[in-house]
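# Chain and residue survey
Residue-level listing of the chains:
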There are 2 protein chains.
Amino acid sequence: MKPASPTPDSNSSEPRRLVLLTDGHTNPLTAKTATCMLRYCREEVVALLDRSQVGRSAGQLLGVGEGVPIIGELAAAPEAKGLMIGIAPPGGRIPEAWRPVVLEAISRKMTIYSGLHEFLADDPQFAAAAAQNGAALVDVRKNNEHQVAQYEPLPSQCLRIHTVGNDCSVGKMVVALELANALKRQNRDARFIATGQTGILVAGDGCPVDCVVGDFISGAIEKQVIAHQQREMLLIEGQGCLAHPRYAAVTLGLLHGCRPQAMILCYEAGREVVHGMAEIPLKTLAEIRTLYETMASLLHPSRVIGIAMNSRNIRAAEASAERERVRDELELPVCDVLRHGPDDLVQAICQFQQTHLQNAGPHTCN
Amino acid sequence: MKPASPTPDSNSSEPRRLVLLTDGHTNPLTAKTATCMLRYCREEVVALLDRSQVGRSAGQLLGVGEGVPIIGELAAAPEAKGLMIGIAPPGGRIPEAWRPVVLEAISRKMTIYSGLHEFLADDPQFAAAAAQNGAALVDVRKNNEHQVAQYEPLPSQCLRIHTVGNDCSVGKMVVALELANALKRQNRDARFIATGQTGILVAGDGCPVDCVVGDFISGAIEKQVIAHQQREMLLIEGQGCLAHPRYAAVTLGLLHGCRPQAMILCYEAGREVVHGMAEIPLKTLAEIRTLYETMASLLHPSRVIGIAMNSRNIRAAEASAERERVRDELELPVCDVLRHGPDDLVQAICQFQQTHLQNAGPHTCN
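Residues numbered from 1 in each chain as written. Chains lettered and ligands numbered in written order. Predicted model: local features only at pLDDT ≥ 70, side-chain atom pairs only at ≥ 80, totals over all residues.

### Here we look at the overall build of chain A
What counts here: Strands are runs of DSSP state E lasting at least two residues, helices are runs of H or I lasting at least four, and both sets are numbered from the N terminus onward. For this measure, only C-alpha atoms enter the radius of gyration; the expected value for a globule follows 2.2 Å times N^0.38, where N is the number of residues. Exposure criterion: with C-beta atoms placed from backbone coordinates, a residue whose C-beta has 20 or more other C-beta atoms within 10 Å is buried, one with 12 or fewer is exposed, and one in between is partly exposed.
Looking only at helices and strands, chain A has eleven helices and 14 strands in total. For chain A, the C-alpha radius of gyration of 21 Å lies close to 21 Å, the compact-globule estimate for 366 residues. Its C-alpha atoms give chain A principal-axis dimensions of roughly 60 × 50 × 45 Å. In chain A, buried positions account for 51% of the 366 residues.

This is the structure:
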């Protein structure tokens, strides 16, 4: 059945009718993009294409996307309008075995969506085929940002909530999406602002900040915020960590560019060292909170109003104990938005909004 | 007379024998690149080319480069091997009137050096002419950095001094160069590490950090440090400011990538607001010092050991009073490296080195 409208989680104006390409990699670890698409844009997904798993379903293999079929050829989903690369392969390259599938999709005039480092449009064979068939190649990481931040006043009634983290891969995107969705369910005019490739594929737009040239990082995200400043609440996806040895430049450019009034600090329970850098211990959550509040407040008063715990690697009882411990230590609401639901953080945001608007007045700028 | 060897300020292995192109713009404000080249690479400069000022000298018009002639055509400097764009024009484009001069230099097989935003190699006419004549086009801002920081141990006996600032355009490059030169005069094995286009043109190499993609900023500067880690002292040019609304991403990526043990904080006396952003007051020097020490020390213990004052806009008596005031307030040595000479900061660096090596031991890594 064709979806009549985009899902509430997507910012797209019309449904993309997607086949997700996960051929040979339909597992939750590798197929991160596909899993997120199924979780947040279920209505836009027609099928998964995996020639080795035909007849099974997304729900069986990925734990999300109940009812989405796995097909072995594009002809099995004639209603599809787009093909999306559903994995994040090592090296950022499309597997050679996928080339014929992509070319067939192009010949069907489907739009090809990719968040890979290596751009489809830079591949001579894909580029030539797309030009010949009038098919669009969408490389969401590709950008030509070249404007510095203007630092113009933003309306104070547009609440900018930024999900920041103590490390990479702790769930900043998922938290921003879950909070935006929960707020929409309460009839709040909330919008998710994507800043990474998976978020952009889910949302249908956004800014790939990690691929923007240094001088223009803050300007690129400021442009996104200005475009949506008439909204009640923006949930802005964070990247990296201010203390990360590799990615802090992106984190700070993003923090300064979006000038959040409030932040949600995300972390993974049980993680003790920087992701992928076993020799570097993580700072404490209290240290990280101070760091973000100090750096954000250089440009605009900002504070951490809640903690998003990622408890994927611990059991329910441990997660409850950890939640209690962190709540006591930092004196802030704490939850795992997937395990416990986002209510505690939603409440923190709404309370902050009330206090904030009382202090700022509805028509001031900040 | 042809120079026999490169100047001590340049890292180049052989002299570039340059004509500096400042045609119609031979004044200290616009011809910043030419002025720095004359100050730090005098022996590599054969002439300035300015068709409107033939017969005068660089010294007369720019206040530096005594004895360097101004010529009206390339034929007047047959020994020249390179042509360098000597100004930073608004918009980053080569003036149209310069096109014939650049093309003539290419036909003479001269190397063309440019720090402009708009790359020579992307100009079809220049690219075709260069290919035909076998001339090199050197766009120092062009880069293909794509490696994240490795965060490998660096030898503790390699002292990394980073010139940081409370704003843009306060003299971080000049301070790093002057300190490197003063230390070399004391037979220290010091090396200037350039991180911006003018610094790279002066030094002959370096890393244009403001043009590197976000994820790779720290990796790009770390690569420079690793390449020179056998040196006694590296003087690493800073960029922007951690509190700058536009450029803090670059500043932090650079700070984390070079992991300095010590920093020199640069500022301009009398400046009260962010350069080019009159509505934003500058933080106090004490605040800025704490900020840099906090952020640098996330990855490696680091402190500010001296203050470089830029007193270009105040008189000598005011500069003395300001120097005294800041010295008392921050309890650190303070000088304007051009007006007062760099001795106080050189002494601070050498003292820091002694203490540091005693504490670290000569063969440890940090």
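Still more ground to cover, so stick around.
### What to know about the interface of chain B and chain A
Going by this rule: Whether two residues are in contact is decided by their C-beta atoms, placed from the backbone, lying within 7 Å. The nonpolar class holds Ala, Val, Leu, Ile, Met, Phe, Trp, Tyr, Cys and Pro. Asp, Glu, Lys and Arg form the charged class, and all remaining residues, Gly among them, are polar.
Across the contact, 26 residues belong to chain B and 26 residues belong to chain A. Mapped onto the side of chain B that touches chain A, the elements with two or more residues apiece are helix H7 (217–227) and helix H8 (248–258) of chain B. A class-by-class count of the residues in the side of chain B that touches chain A yields 18 nonpolar, five polar and three charged.

### Some details on the domain arrangement of chain A
Interfaces are often sized by the accessible area lost when the parts come together. All names here are of chain A. The cut-off we apply is this: What counts as a domain boundary in this text is fixed by an automatic or database domain assignment.
Entries for chain A in the domain assignment read domain 1 (18–139) and domain 2 (159–360). Taken over C-alpha atoms, the centre of domain 1 sits 29 Å from the centre of domain 2. Tallying the contact residues gives nine residues for domain 1 and six residues for domain 2. Partitioning the side of domain 1 that touches domain 2 into residue classes produces six nonpolar, two polar and one charged.

### Re the confidence of the model for chain A
Do not read the fine detail of predicted coordinates wherever pLDDT is low. So the rule is basically this: What pLDDT expresses is the predictor's confidence in each residue, scored from 0 to 100.
Per-chain confidence: chain A averages 93 in pLDDT, with 95% of residues scoring 70 or above. Low pLDDT (under 50) marks residues 1–8 of chain A, which in the prediction has 17 contacts with non-local residues, meaning those over four places away or in another chain.

### Remarks on the relation of the copies chain B and chain A
Heads up, the rule is: The copies were overlaid by least squares, fitting only the C-alpha atoms of residues that reach a pLDDT of 70 or more in each copy.
When chain B is brought onto chain A, the operation consists of a screw motion whose angular component is 180° and whose axial shift is 0.1 Å, with 0.1 Å RMSD remaining. Viewed as a symmetry operation, the transformation between the two copies matches a two-fold axis. Interface residue correspondence from chain B to chain A reaches 100%, placing this contact among same-surface, isologous pairings.

### Some words on helix H11 (residues 343–360) of chain A
Residues and elements named next belong to chain A. Selection criterion: Working rule for helices: expected span equals 1.5 Å times residues minus one. It is the directions from the helix axis to the C-beta atoms whose arc is reported.
Taking 1.5 Å per residue, 18 residues should reach 26 Å; H11 reaches 25 Å between its end C-alpha atoms and fits that length. For H11, every residue scored as buried is listed here: Leu-345, Val-346, Ala-348 and Ile-349. Within H11, the buried residues cover an arc of 155° as seen down the axis, which keeps them to one side. Facing away from the buried side of H11 by more than 90 degrees, the exposed set consists of Asp-343, Gln-347, Gln-354, Thr-355 and Gln-358. Buried residues belonging to H11 abut strand S7 (159–165), helix H5 (172–185), strand S10 (262–268), strand S13 (303–310) and strand S14 (334–335).

### Description of the packing of helix H8 (residues 248–258) of chain A against H8(B)
Just so we agree on the cut-off: Note on method: axes are straight lines fitted to C-alpha atoms, helices fitted across the in-contact stretch only, with angles between N-to-C directions ranging 0 to 180 degrees. Note on angle classes: values under 35 degrees are labelled roughly parallel, values over 145 roughly antiparallel, values of 65 to 115 roughly perpendicular, and the remainder oblique. Note on convention: the crossing is left-handed when the near helix lies turned anticlockwise from the far helix by less than a right angle, right-handed when the turn is clockwise.
At their nearest, the axes of H8(A) and H8(B) sit 8 Å apart, and the two run at 155° to each other. As far as their axial angle goes, H8(B) and H8(A) are roughly antiparallel. In terms of crossing hand, the pair formed by H8(A) and H8(B) is right-handed. Where H8(A) abuts H8(B), its residues Ala248(A), Ala249(A), Val250(A), Leu252(A), Gly253(A) and His256(A) lie against Ala248(B), Ala249(B), Val250(B), Leu252(B), Gly253(B) and His256(B).

### As for the sheet that holds S14(A)
Residue and element names in this part refer to chain A. Where we set the bar: Here, a strand pair is defined by DSSP locating no fewer than two bridges between the strands.
Taken in spatial order, the six strands line up as S8-S9-S7-S10-S13-S14 in an open sheet, and their pairing is parallel. Across the chains shown, the open sheet's two edge strands, defined by having one partner strand only, are strand S8 (190–193) and S14. Here S13 pairs with S14 via two bridges, running parallel. In the sheet register, Ile-307 faces S14, and the bridge partner there is Val-334. Packed onto the sheet, helix H9 (residues 285–297) meets S7, S10 and S13 and runs at close to 150° relative to S10.

### Things to note about unusual backbone geometry
Residues and elements named next belong to chain B. For Tyr-151, which is not glycine, the phi dihedral falls at a positive 55°. Of note, Tyr-151 is situated in the loop between strand S6 (137–139) and strand S7 (159–165). When the 21 C-beta atoms within 10 Å are taken as the criterion, Tyr-151 is described as buried. Here Asn-187, not a glycine, exhibits a phi torsion of approximately 65°, which is positive. A tally of 8 C-beta atoms within 10 Å means that Asn-187 is categorised as exposed.

### Here we look at helix H10 (residues 316–330) of chain A
Residues and elements named next belong to chain A. For H10, built from 15 residues, the straight-helix expectation of 21 Å at 1.5 Å per residue is met to within 8% by its first-to-last C-alpha distance of 21 Å. Among all positions of H10, only Ala-319, Arg-323 and Val-326 are buried. Projected down its long axis, H10 carries its buried residues within an arc of 75°, all on one side. Across H10 from its buried face, at more than 90 degrees, point the exposed residues Ala-317, Glu-324, Arg-325 and Asp-328. Summarising the contacts, the buried residues of H10 are in contact with H9, S13 and S14.

### Section: the pairing of strand S2 (residues 45–49) of chain A
Residue and element names in this part refer to chain A. Definition in use: Consider the strands pointing away from the viewer: the crossover is right-handed when the path from the first strand over the helix to the second runs clockwise.
Counting buried residues along S2, five of its five residues qualify, which places the element largely inside the surrounding structure. Across four bridges, strand S1 (residues 18–21) lies against S2 in parallel orientation. Bridge assignment links Val-19 to a residue of S2, and that residue is Ala-47. In the classification by handedness, the crossover that spans S1, the intervening helix H1 (residues 32–40) and the parallel S2 is right-handed.

### What about the environment of His228(B)?
Residue and element names in this part refer to chain B. Here His-228 lies in the loop between H7 and strand S9 (233–237). Overall, His-228 belongs to the partly exposed group, with 17 C-beta atoms counted inside 10 Å. For the pair formed by His-228 and Cys-158, sequence separation is 70 residues and the distance between their alpha carbons is 8.6 Å. Those residues in contact with His-228, other than ones at most four positions away along the chain, are Arg-191, Ile-193 and Leu-234.

### Digging into the packing of helix H5 (residues 172–185) of chain B against helix H11 (residues 343–360) of chain B
Residues and elements named next belong to chain B. Closest axis-to-axis distance for the H5/H11 pair is 10 Å, and the angle between their directions is 70°. Taken together, the axis directions place H5 and H11 in an arrangement best described as roughly perpendicular. For the pair H5 and H11, the sense of crossing is right-handed. Between H5 and H11, the contacting residues are Leu-179, Ala-182 and Leu-183 on the first element and Leu-345, Val-346 and Ile-349 on the second. When the residues that make up the contact of H5 with H11 are grouped by side-chain class, the tally is six nonpolar, no polar and no charged.

### Quick word on the sheet that holds S7(B)
All names here are of chain B. The sheet built from six strands is open, its strands ordered S8-S9-S7-S10-S13-S14 with parallel pairing. Two strands lie at the open edges of the sheet, namely strand S8 (190–193) and strand S14 (334–335), each paired on one side alone. Of the pairings in the sheet, the one linking S7 to S9 comprises five bridges and is parallel in character. The residue bridging Ile-161 from the neighbouring strand is Leu-235, located in S9.

### So, the pairing of S7(A)
Residue and element names in this part refer to chain A. Burial analysis of S7 places seven of its seven residues in the buried class, the great majority of the element. Of the two faces of S7, the one holding Leu-159, Ile-161, Thr-163 and Gly-165 and the one holding Arg-160, His-162 and Val-164 are both buried throughout. When S7 meets S10, the two strands line up parallel, connected through five bridges. Paired with Ile-161 across the two strands is Ala-262, which belongs to S10.

### Topic: the nonpolar core
Worth spelling out the cut-off: When buried Ala, Val, Leu, Ile, Met, Phe, Trp, Tyr and Cys residues are joined through C-beta atoms within 7 Å, the set is termed a nonpolar core.
Counting 227 residues, the largest nonpolar core has Met37(A), Leu235(A), Met37(B) and Leu235(B) as the members making the most contacts within it. Other than its neighbours up to four places away in sequence, Met37(B) contacts Leu20(B), Val45(B), Met84(B), Leu201(B) and Val202(B).

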